[in-house]
Amino acid sequence: MIAGNGRFPVLALETARRAGDEVVVVAIKEEASPEVEQLADRCYWISLGQLSRLIEILKEESITEVMMAGQVKHASIFSSIRPDWKLVKLLAGLKQKNTDALIGGVAQILADEGIRLADSTLLLKPLLAGVGVLSKRKPSTEEERDIAYGRKIANALAGVDVGQSVAICGGACVAVEAMEGTDAMLDRAASLVNGKALCLVKVSRRRKHLLFDVPVAGPATIEAMQKAGATALAIDAGRTLLLDRDAMLARANELGIAIVGCEPLP
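Quick look at the structure, then. (Residues numbered from 1 in each chain as written. Predicted model: local features only at pLDDT ≥ 70, side-chain atom pairs only at ≥ 80, totals over all residues. Heavy atoms only, no water.)

## Here's the deal with the sheet that holds strand β2 (residues 24–28)
Reading across from one edge, β3-β2-β1-β4-β5 is the order of the five strands in this open sheet, with parallel pairing throughout. The strands lining the two open edges of the sheet, one partner per strand, are β3 (42–46) and β5 (116–118). Pairing of strand β1 (residues 2–3) with strand β4 (residues 65–69) involves two bridges; the strand directions are parallel. Following the sheet pairing, I2 is matched in β4 by M68. The sheet contacts of helix α1 (residues 8–19) involve β1, β2 and β4, and relative to β4 the element is tilted by about 135 degrees. Sitting on the sheet, helix α3 (residues 51–60) touches β1, β2 and β3, and the angle it makes with β3 is about 165 degrees. (Pairing = 2+ DSSP bridges. Helix = DSSP H or I, 4+ residues; strand = E, 2+ residues; numbered from the N terminus. Contact = heavy atoms within 4.5 Å. Axes fitted to C-alpha atoms, helices over the stretch in contact; angles between N-to-C directions.)

## Digging into the packing of helix α8 (residues 219–228) against helix α9 (residues 245–255)
Between α8 and α9, the least distance of the axes is 8 Å, while the angle of their chain directions is 20 degrees. Our classification of the angle between α8 and α9 gives roughly parallel. Across from P219, I222, E223 and Q226 in α8, the residues of α9 making contact are A247, M248, R251, A252 and L255. (Parallel < 35°, antiparallel > 145°, perpendicular 65-115°, else oblique.)

## What about the pairing of strand β8 (residues 172–176)?
With four bridges joining them, strand β7 (residues 165–169) and β8 adopt antiparallel strand pairing. Residue C169 lies in a different strand from β8, and its bridge partner there is A172. Hairpin geometry of β7 and β8 is characterised by an intervening segment of two residues between the two adjacent antiparallel strands and by a positive phi of about 60 degrees at G170.

## Focus: the pattern of salt bridges
Should the charged atoms of two oppositely charged side chains come close, the side chains can pair. This structure, assessed with the given rule, holds 14 salt bridges. The salt bridge involving R7 is made with D244; its shortest N-O contact spans 3.0 Å. Highlighted residues: R7 in the loop between β1 and α1 and D244 in the loop between β12 (241–242) and α9, separated in sequence by 237 residues. The exposure class of R7 is partly exposed, given its relative accessible area of 32%. Among the residues examined, D244 registers a relative accessible area of 25% and is labelled partly exposed. A salt bridge links D236 to R151; the nearest nitrogen and oxygen atoms lie 2.8 Å apart. One end of the pair, D236, is in strand β11 (residues 230–236); the other, R151, is in helix α6 (residues 141–159), with 85 residues separating them in the sequence. According to the relative accessible area criterion, D236 is buried, its value standing at 1%. Take R151: its relative accessible area is 9%, and that puts it in the buried class. A single salt-bridge network, built from bridges that share partners, covers E22, R42 and E61. (Salt bridge = Lys/Arg side-chain N within 4 Å of Asp/Glu carboxyl O. Buried < 20%, exposed > 50% of the residue type's maximum accessible area, 1.4 Å probe, protein only.)

Okay, structure coming up:
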């Protein structure tokens, strides 16, 4: 497992331990929680730019299949992190530096070394969102209209690999997500609507696989929504992981936030 940030890799490792599976973790120093080391059979820590070292570790461990779990902030690529020669070569050959291009390029390099990417949700299928209203409160008529509008915009953005989330208020798109992430996008949206309620719409990339960049939502999402004054959340069913699902739904119900799983658009 290549472990990024958030609860995703921790929950996947806990599931693997319960199943008796042996998991070797390569943890990203700038992203992963120290908790992953306690749950892994063996754990190696590397910096984000060390693509060559990643391949060395996988080869030393005779690993032929690897799962990406957890987010790596896209903006980190443009920070002070120093890429090694292999990553420099990859970046130089990319016409675009969006998520699909970046991780797709890494996936191809791994494939050339005989290492394939596994489905990121492999260990957490029960946490994928279902279709329909998941919270006690269903969206209001106005929220349903905002969700329908937001899904059109979010899917258009996801189709060109810009972001996965939008914030809608009263039939207007207030903010779209890019590199800053969902929480920062919500903060920006809240600053523009003068206390009016927002709807958060999160979609998956329009690709057939779930190898990387799988949308996630969890208790932290609900807290960010409360802070921003967002009252409804729409997600793609079957393609969005609900981390700490019970706690997330309990908190949403406590706050009166509506959550709905929607059939992904083709």
